[in-house]
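# What the coordinates show
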Amino acid sequence: MLKTFSLGGVHPAENKFSAGQKIEILPVPEQVSVPIAQHIGAPSEPIVKKGDEVKVGQLIAKSTGFVSANIHSPVSGKVFKIDNVLDASGYKKQAIIIKTEGDEWDESIDRSEELVKEITASPEEIVKKVGEAGIVGLGGATFPAHVKLSVPPGKTCDVLILNGVECEPYLTADHQLMMEKGDEIMVGTQILMKALKVEKAIIGIENNKPDAIKHMTDLASNYAGITIQALKVQYPQGGEKQLIDACIGRQIPSGKLPIEVGAVVQNVGTTLAVYEAIQKNKPLFERVVTVTGKSVSKPSNFMARVGTPLNQLIDAAGGLPEDTGKVIGGGPMMGKALSSTDVPITKGSSGILIMPNEIAKRAKVEPCIRCSKCVTVCPMGLSPYLLSTVSDKGIWDRAEEEKIMDCIECGSCSFTCPASRPLLDYIRLGKGNVGRIMRSRTK
Amino acid sequence: MNRLTVSPSPHVHSGDSVKKNMYGVIIALLPALAASLYYFGLGAVIVTLTAVVSCVVFEWAIQKYLLKNESTILDGSAALTGLLLAFNMPSNLPIWIIIIGSLVAIGIGKMSFGGLGNNPFNPALVGRVFLLISFPVQMTLWPKPIESQMHYLDAETGATPLSVMKEGLANGETVSTLMSKIPSYTELFMGNMGGSAGEIAAIALLVGLIFMLIRKIITWHIPVAVIGSIAIFTGILNLVSPEQYAGPLFHLLTGGVMLGAIFMATDYVSSPMANKGMLIYGVGIGIITVVIRVFGAYPEGVSFAILIMNGFVPLIDKYVKPKRFGEVVKPAKA
Ligand code: SF4
Ligand code: SF4
């Protein structure tokens, strides 16, 4: 029996149309708009002004705290303006707009393809450098990576877990990265192991990617301490809590972080970025983005610069199909529906999913028939039907008692509900309110 | 460009629906319906048709004229209630009594609480128990299987294995002599005995269970808890005093245990939400059933047991929660 996490889970249609598509380097756009808030935590602060000349990889906005991230210019050219532009959140937010001129990289970046295996940086240097390079969780969570690498005093980490699960349907960016940049990911893993001072790393990959499992297993034999764990396909296996449970059978207690059970999780894409930052001195300013959908004529995996307009990626994948009803930033389970395709991609853009009209609409909501299917699928062992009802009625103390804050917003409950109840919509509302109440209490 | 739909995640749905589940249960009941038609023929046809049609018509009429809300008869739940009600009645029940039972099931059992999803009790059982109390004679006349294929009201009636056992034991007869007066276990398993129209054929009901488990319409918890607890409880009694108490197989294959455990107790609306809660509820039904059968005044107790446990569901749901992630803390290895 293949391993998986212990509670709940669903299996949505995988639809990995872009699987096996080679990563294609997208032409440098004529203009980029780089939002200053691309990560969880405090927005960064621009350090360039209108008219400044910048090079690829040059720092353009500075991290403003421990949980924040530096931002580097994805292109070379002139800062056109700093203005509020519509981003993937659906709101206008501050961004640095740069008009591209040529493609001149900062001299310190090693642009060669050569694999650098030897790790000379010390653990402290690694953590510092990861922070400087502006690396955030590339699986979509965008949590600054150096924060996770700084094990708090009193806690110990004994295993690094890499997320190569890509449990969201449709998305194939991580899959393709493992196929094409396997060695770099291996070295990146060793860098992370060194930083965390652990002997052991496990890369979790779902068994719908047998080629990646095989390829990575072959490579891992050349690197000490790295094992590949094949996992049964089950959503949301890419959730940190679920992945740790699946790989090593440890469950993080309610309200705690992975370090509580001695684990740190990073995504494989993030690991590649770490390799590039440490071994090649290249900060994070580009990433792999899957562009896919049922009617998309050329589902693809692109290497694109941060700040590239979504439109440009969609055009490169054959253009926006006639029947488009929804454009999603990310996957179908946790991604965000976009109001416009005229927004820039960011560090967290794992994919662009284009859905036809007929599946974009939600079904009619019916009364709850108490079938308990939402309870069965919830990976956190919650009672979604109840959480949604108490949230709808505004009974916040009850919502808190029923552990609404444990919800990881995976959407399995709404996905499953035969009455098509928008359970997660209500739960989000409840989480927002309960979170506010809890914070005001500790003040 | 066309306008983009913006809605919160998830953006895909399993495609499951209330309708699919209701019709799924109806499909799971088809083997039992076939058995019913085979053993009780004409009577089964009339009882089933009357109950299904009147349940659907009552629901439609109540929604149209009293509640004035949107009709839900197409979701299949009213037809399902009708089918289950029919399965819980003798096949020679007069049409007017069936209609009263349907009215009670739908009107009181379901719609008075606000329709599907809100009824605390299984509507078909509300209808059945109402009839049992109001028409005790008609509700306990049991047409003989096969012989009554071509008969309805004029079907020749006889005792059920349960009533043979109950009366015999009361008259001081032993279990072994009584067992010789009822059909063999094989015949009981195939459904060749007197009883309610749809409850007799254990084999057909079990096929329905397997179908529902495969289609993930229900989980195993409730049926296994009911059947298991009845088997264990009657098994212990039988071990203590084999001539005074019939064995587990007798209890499982007679009366409404299979129909109750598989189709009545598993009614979504009136059963608990957490797996542990389902087990407690199922065991409660099993124990109450045996207590009524063995120590009570009625030969059969499944319907009462389910209704009683329906009443405990809010309490069970309040105190029995699903197993939460991270509840059992596995400490990090040093
Ligand atoms: S969204 Fe929250 S409540 Fe719903 S299944 Fe996921 S964790 Fe459970
Ligand atoms: S899945 Fe939907 S219908 Fe079923 S119990 Fe949960 S909320 Fe109710």
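Residues numbered from 1 in each chain as written. Chains lettered and ligands numbered in written order. Predicted model: local features only at pLDDT ≥ 70, side-chain atom pairs only at ≥ 80, totals over all residues. Heavy atoms only, no water.

Attention now goes to the overall build of chain B. Within chain B, the secondary structure is distributed over 13 helices and 2 strands. With the C-alpha coordinates of chain B rotated into their principal frame, the extents come out at 80 × 65 × 30 Å. Relative to its full complement of 334 residues, chain B shows a buried share of 55%. Across chain B, every contact between residues at least 6 apart in sequence was considered, and the portion connecting residues at least 24 apart equals 74%. Surface summary for chain B: the accessible area is close to 14200 Å², and the carbon and sulfur share equals 70%. With 20 positive and 16 negative side-chain charges, chain B shows a spacing of 16 Å between the two charge centroids. (Helix = DSSP H or I, 4+ residues; strand = E, 2+ residues; numbered from the N terminus. Buried < 20%, exposed > 50% of the residue type's maximum accessible area, 1.4 Å probe, protein only. Contact = heavy atoms within 4.5 Å. Areas by Shrake-Rupley, 256 points an atom, 1.4 Å probe, with all protein chains shown as cover. Lys, Arg positive; Asp, Glu negative; His and termini not counted. Charge placed at Lys NZ, Arg CZ, Asp CG, Glu CD.)

What follows deals with the domain arrangement of chain B. Residue and element names in this part refer to chain B. With domains assigned, chain B is organised as domain 1 (18-138) and domain 2 (159-319). Contact with domain 1, which involves 34 residues of that partner, is made by 31 residues of domain 2. For the pairing of domain 1 and domain 2, the buried interface totals around 2600 Å² over both sides, and the portion due to carbon and sulfur atoms is 72%. Counting across the domain 1 and domain 2 interface gives 0 salt bridges. Between domain 1 and domain 2 we count 9 residue pairs in polar contact (both at pLDDT 80 or more) in total. Mapped onto the side of domain 1 that touches domain 2, the elements with two or more residues apiece are α1 (18-67), α2 (77-87) and α4 (123-134). If you tally residues by element for the side of domain 1 that touches domain 2, the top one is α1, at 13 residues. Per-class residue counts for the side of domain 1 that touches domain 2 are 24 nonpolar, 9 polar and 1 charged. (Domains from an automatic or database assignment. Buried area = accessible area lost by both parts, 1.4 Å probe. Salt bridge = Lys/Arg side-chain N within 4 Å of Asp/Glu carboxyl O. Polar contact = N/O pair within 3.5 Å; in protein donor to acceptor, adjacent residues only side chain to side chain. Nonpolar A, V, L, I, M, F, W, Y, C, P; charged D, E, K, R; others polar.)

It is worth spelling out the site of ligand 1 at this point. All names here are of chain A. In the region of ligand 1, 13 residues are neighbours, and C378, C407, C410, G411 and C413 sit closest. Listed by contribution, the elements that provide at least two residues to the shell around ligand 1 are α13 (412-416) and α14 (423-442). Of the residues that constitute the shell around ligand 1, the class distribution is 10 nonpolar, 2 polar and 1 charged. (Near = heavy atom within 4 Å.)

What follows deals with the pairing of strand β10 (residues 201-206) of chain A. All names here are of chain A. When you tally the buried positions in β10, you get 6 out of 6 residues, the bulk of the element. In this sheet, β10 lies alongside strand β9 (residues 159-163) in parallel orientation, the contact comprising 4 bridges. Within β10, the residue paired with L160 across the bridge is A201. Relative to strand β11 (residues 226-231), β10 runs parallel, the two sharing 6 bridges. The residue of β11 that forms the bridge with E206 is L231. (Pairing = 2+ DSSP bridges.)

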